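Breakdown of the fold
Single-letter residue listing:
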Amino acid sequence: MDKIAVTAGALYVIVLLRAGGTFAVGWLAGAGARRSRFAGRISSAKFQRAERAIQRWGAPVVAVSFLTVGFQTAANFLAGSMRMPLPRYLPALFVGGAAWALVYATAGIGVLEVLGRLFAERTALGVSAVAALLLAVCGVATYLRRRAVPSSGDPVTDES
């Protein structure tokens, strides 16, 4: 239990610094965009409505984003660039970050312990499991890459 508490505490500090830093970078990027040639686009009524909606309702999205993979950085950056007020952002950061730290501390330690035992007791099985996992990841990546590239039989259209 102490191992989980220490790991969760360390991960919590890491996530607060990382997500808070992403929010700050987003805030600075938004401030820079408001002074750039994009200022006209950012001041449109449609953009202002979106900004007000994110400022008001974005905190739950930020909190839940910590339970996703790949979306939390975008959510924190967007919250910063859209100037979500700190009294709304910080509670979402603290709650979402705590959930993230607990999930990764408990599941992460569990997976590492299982892998450690597997390699210590049955090294060949552990190596085989890792090799199978790597092959599966490479297979999925290759499949997705091939699916994204049009086949040579498809007609090429010039839209310029």
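You'll find the structure just up there.
Keep in mind that this is a model prediction, so the values were computed, not measured. (Residues numbered from 1 in each chain as written. Predicted model: local features only at pLDDT ≥ 70, side-chain atom pairs only at ≥ 80, totals over all residues. Heavy atoms only, no water.)

Here the focus is the packing of aromatic side chains. Taken as a whole and judged by the stated rule, the model has 3 aromatic pairs. Ring geometry for Phe-23 and Tyr-89: centres 3.9 Å apart, planes at 15°, overall stacked. With Phe-23 in helix α1 (residues 2-34) and Tyr-89 in helix α5 (residues 86-121), the pair connects residues that are 66 residues apart, well separated along the chain. For the pair Phe-23 and Tyr-89, one class covers both residues: buried. With centroids separated by 4.9 Å and ring planes inclined at 35°, the aromatic side chains of Trp-100 and Tyr-104 adopt a geometry described as tilted. Here Trp-100 pairs with Tyr-104, and both are found in helix α5, just 4 residues apart, close to one helical turn. Feature note: the residues Phe-23, Trp-27 and Tyr-89 constitute an aromatic cluster, connected by ring pairs. (Phe/Tyr/Trp six-rings, centres within 6.5 Å; stacked < 30°, edge-to-face > 60°. Helix = DSSP H or I, 4+ residues; strand = E, 2+ residues; numbered from the N terminus. Buried < 20%, exposed > 50% of the residue type's maximum accessible area, 1.4 Å probe, protein only.)

This next bit is on the packing of helix α3 (residues 45-65) against helix α4 (residues 72-81). Running from N to C, α3 and α4 point in directions that differ by 155°, and their axes come no closer than 10 Å. For the element pair α3 / α4, the angle class is roughly antiparallel. Crossing of α3 against α4: the hand is left-handed. Of the residues in α4, those in contact with Glu-51, Ile-54, Val-62 and Ser-65 of α3 are Gln-72, Ala-75, Asn-76, Leu-78, Ala-79 and Ser-81. A per-class count over the contact of α3 with α4 returns 5 nonpolar, 4 polar and 1 charged. (Axes fitted to C-alpha atoms, helices over the stretch in contact; angles between N-to-C directions. Parallel < 35°, antiparallel > 145°, perpendicular 65-115°, else oblique. Left-handed = near helix turned anticlockwise from the far one by under 90°. Contact = heavy atoms within 4.5 Å. Nonpolar A, V, L, I, M, F, W, Y, C, P; charged D, E, K, R; others polar.)

Ranked by internal contacts, the top residues of the largest apolar core, which has 17 residues, are Val-62, Phe-66, Ala-79, Met-84, Tyr-89 and Trp-100. In this structure, Val-62 is in contact with Ala-75, Asn-76, Ala-79, Met-84, Tyr-89 and Ala-92, ignoring residues within four places of it in sequence. (Core = buried A, V, L, I, M, F, W, Y, C linked by side-chain atoms within 4.5 Å.)

So yeah, pure geometry; function would need other evidence.
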